[in-house]
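# Survey of secondary and tertiary structure
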Amino acid sequence: MDSPTPKSKMHLSLVPIKEPKPEPLRAWSVLVVDDSPADAYLVRRFLESAAPNASVEVVETFDEGLHALLSKQFDVALVDHRLGARTGLQMIEAARDRGIQIPLIVLTCDISVEGEALQRGASDFIDKNEMTSRSLERTIRFNLHRARAFDEKTRQAQVYEAAVAGAADGIWDWDFASGSIHLSSRFREQTQMPDFEENTSFSRWLAFVHVEDREGIRRAVRSHLSGKIPAVSREYRAVLADGSHRWMHLRGQATRGRGGRLVRLAGVQTDITARKQREEEVRRNAEHDPVTGLANRKLAEDRIYAGLRRSTVDRSYAFSVVVLDIDSFFEVNERFGWSAGDQVLREVGRRLGLSIHSVDCVARLEGAAFAVVLGLSLIHISEPTRQAEI
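All values derive from a computational prediction rather than experimental measurement.

## Structural notes on the overall build of the protein chain
Counting its regular elements, the protein chain contains 13 helices and 16 strands. A buried classification covers 36% of the 390 residues belonging to the protein chain. The contacts of the protein chain with a sequence gap of at least 6 include a subset with a gap of at least 24, amounting to 53%. Of the roughly 24500 Å² of accessible surface on the protein chain, 53% is carried by carbon and sulfur atoms.

Structural data, given as structure tokens:
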């Protein structure tokens, strides 16, 4: 029997994984303000090691540093805490007052100045006792990245504000974390809300909504937040300071975070008063006589049919229809003209309106023919006869 073949052994060799070098800094321009030549030299060497492509300018005094920031373009400035009679923190504060926005990083051996440094406008600080090429590079890289992000956020905010300022619609933003609703200047202008209501509460804003429209808005908001409807869309009347109202169309949609958590509900508001007035004018013209302003034949017939339907289900209800005509009316038009005839029609309509209840209807059917629809209870059954006699 052949001897068993020994099993082959697998040899594993561990290959060290090299940590990738950080991406080198671009050719950024760095200003170093330090009154100690030795410290300034060390900072320059660290920068040259971490960012060979960076250009470095070194100045020693407060005035030289401030002048350099105001007259030249730098990406970042490293400012020593001590600059002779004055401090680097004072220089940073002066630079910020003059509109310098680049990252200004404090170099210090006293980390207790951190709070004061940030208050005076410093972006960050580095402990000289623990500074290395690596830590210096990471601090600069972080602050440059943060500055770019801030600039982009500022730009977006400016674009948003410009869009809001130029828009005809009002903007509203309900932050659920704070419970506050931010209302744009256009929104407050539409509803005549005072400027101090820029950030208000939902219940406070509802105080400027017509009492008959408040519940509808509440239902729309609840339905949307519970997922029953895709967005808030509601027309309502905004009550103005003089007691009048304007029609608004409120629209909005919720934003949710992780796990479906509600973050905010925001949207726009459009003033639709002119549209509502046109709609009312169209409706009125369709139901009213253009000469007298009374109901026309169509509206009178609608009232009669409504009375018939009601009388079939409510036996205590009764109504009457009185039709009358002005005799020889055509002679008025022939002798005095159409304008005089229209004046007679309007006066007849006015007098008929004075002799009826507000729930009744006076209509001009055609020509000089009028109709009066009287809806009364059976206990006043004699009232139509009396009014007809008037």
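## Details of the pairing of strand 12 (residues 245–256)
With 8 bridges joining them, strand 11 (residues 232–239) and strand 12 adopt antiparallel strand pairing. The residue bridging S233 from the neighbouring strand is R251, located in strand 12. Between the antiparallel neighbours strand 11 and strand 12 lie 5 residues, among them G243 with a positive phi of about 90°. Relative to strand 13 (residues 262–271), strand 12 runs antiparallel, the two sharing 9 bridges. Note that in strand 13 the partner of G252 across the bridge is G267. In sequence, strand 12 turns back onto strand 13 through a hairpin of 5 residues, with G259 there showing a positive phi of about 70°.

## Remarks on the pattern of salt bridges
One pass over the full model with this rule turns up 31 salt bridges. The salt bridge involving D39 is made with K128; its shortest N-O contact spans 2.9 Å. Linking D39 in helix 1 (residues 37–50) with K128 in the loop between strand 7 (124–127) and helix 5 (133–166), this pair joins segments that are 89 residues apart in sequence. Residue K128 is classed as buried on the basis of its relative accessible area, which comes to 16%. K72 serves as the salt-bridge partner of E57, at 2.9 Å between the closest nitrogen and oxygen. You can see E57 sitting in strand 2 (residues 55–59) and its partner K72 sitting in the loop between helix 2 (62–71) and strand 3 (76–80), a full 15 residues away along the chain. Residue classification places E57 among the partly exposed residues on the basis of a relative accessible area of 25%. Residue K72 is classed as partly exposed on the basis of its relative accessible area, which comes to 41%. Bridged by salt links that share partners, the residues D34, D39, D80 and K128 form one connected network.

## Some thoughts on the sheet that holds strand 7
With parallel pairing, 5 strands are arranged side by side in an open sheet as 2-1-3-6-7. Both outer strands of the open sheet, strand 2 and strand 7, are each paired with one neighbouring strand and no more. Here the average twist between neighbouring strands, direction ignored, is 20°. Sheet topology places strand 1 (residues 29–33) next to strand 2; 5 bridges connect them, and they run parallel.

## Observations concerning the nonpolar core
As a rule of thumb, nonpolar side chains are buried together in soluble globular proteins. Residues L31, V33, L69, V79 and M91 are the most contacted members of the largest nonpolar core, which totals 21 residues. Counting only elements with at least two residues in this core, the list comes to strand 1, helix 2, strand 3, helix 3 (88–97) and strand 6 (104–108). Per element, the largest residue contribution to this core is 5 residues, and it comes from helix 3. If sequence neighbours within four positions are ignored, L31 has contacts with E57, V59, G65, A68, L69, F74, V76, A77 and L78. Grouped together as the second largest cluster of nonpolar side chains are 20 residues, M193, W205, I217 and A238 included.

## Some remarks on the environment of M91
Along the polypeptide, M91 turns up in helix 3. On the basis of relative accessibility, which here comes to 0%, the residue M91 falls in the buried class. Once the C-alpha coordinates of M91 and D63 are considered, the two residues, 28 residues apart in sequence, prove to be 8.2 Å apart. The residues touching M91, leaving out its near neighbours within four places in the chain, are V33, F62, G65, L66, L69, V79 and L83.

## So, the sheet that holds strand 12
Strand order in the open sheet made by the 6 strands is 10-9-8-13-12-11, with antiparallel pairing throughout. Each edge of the open sheet is held by one strand with a lone partner, namely strand 10 (199–200) and strand 11. Both strand 8 (residues 170–175) and strand 13 contribute to a ladder of 6 bridges, which runs antiparallel. Looking across to strand 13, one finds that W174 is bridged to L265. Of the strands in this sheet, strand 8, strand 11, strand 12 and strand 13 touch helix 8 (residues 214–225), which is tilted by about 155° from strand 11. Packed onto the sheet, helix 9 (residues 273–287) meets strand 11, strand 12 and strand 13 and runs at close to 125° relative to strand 12.

## A look at the confidence of the model for the protein chain
For the protein chain, per-residue confidence averages 84 on the pLDDT scale, and residues scoring 70 or more make up 86% of the total. Per-residue pLDDT stays below 50 along residues 1–25; that stretch engages in 11 contacts with residues further than four places along the chain or on separate chains. Long-range and interchain partners of residues 377–382, a stretch whose pLDDT sits below 50, account for 5 contacts in this model, where long-range means more than four residues apart.

## Considerations on the pairing of strand 6
A large share of strand 6 lies buried, amounting to 5 of its 5 residues. Strand direction decides the pairing type here: strand 3 and strand 6, joined by 4 bridges, are parallel. Note that in strand 6 the partner of A77 across the bridge is L104. Of the strand pairs in this sheet, strand 6 and strand 7 are connected by 4 bridges, and their pairing is parallel. Opposite T108, over in strand 7, you have D127 as the bridge partner.

## Brief notes about the environment of K128
Residues K128 and D110, spaced 18 residues apart in sequence, show a C-alpha to C-alpha distance of 8.6 Å. Non-local contacts of K128, meaning those with residues more than four positions away in its chain, are made with D34, D39, D80, L107, T108 and C109. Polar side-chain contacts of K128 include one of 3.2 Å to the side chain of D34.

Conventions used here
Residues numbered from 1 in each chain as written. Predicted model: local features only at pLDDT ≥ 70, side-chain atom pairs only at ≥ 80, totals over all residues. Heavy atoms only, no water. Helix = DSSP H or I, 4+ residues; strand = E, 2+ residues; numbered from the N terminus. Buried < 20%, exposed > 50% of the residue type's maximum accessible area, 1.4 Å probe, protein only. Contact = heavy atoms within 4.5 Å. Areas by Shrake-Rupley, 256 points an atom, 1.4 Å probe, with all protein chains shown as cover. Pairing = 2+ DSSP bridges. Salt bridge = Lys/Arg side-chain N within 4 Å of Asp/Glu carboxyl O. Axes fitted to C-alpha atoms, helices over the stretch in contact; angles between N-to-C directions. Core = buried A, V, L, I, M, F, W, Y, C linked by side-chain atoms within 4.5 Å. pLDDT = per-residue confidence, 0-100. Polar contact = N/O pair within 3.5 Å; in protein donor to acceptor, adjacent residues only side chain to side chain.

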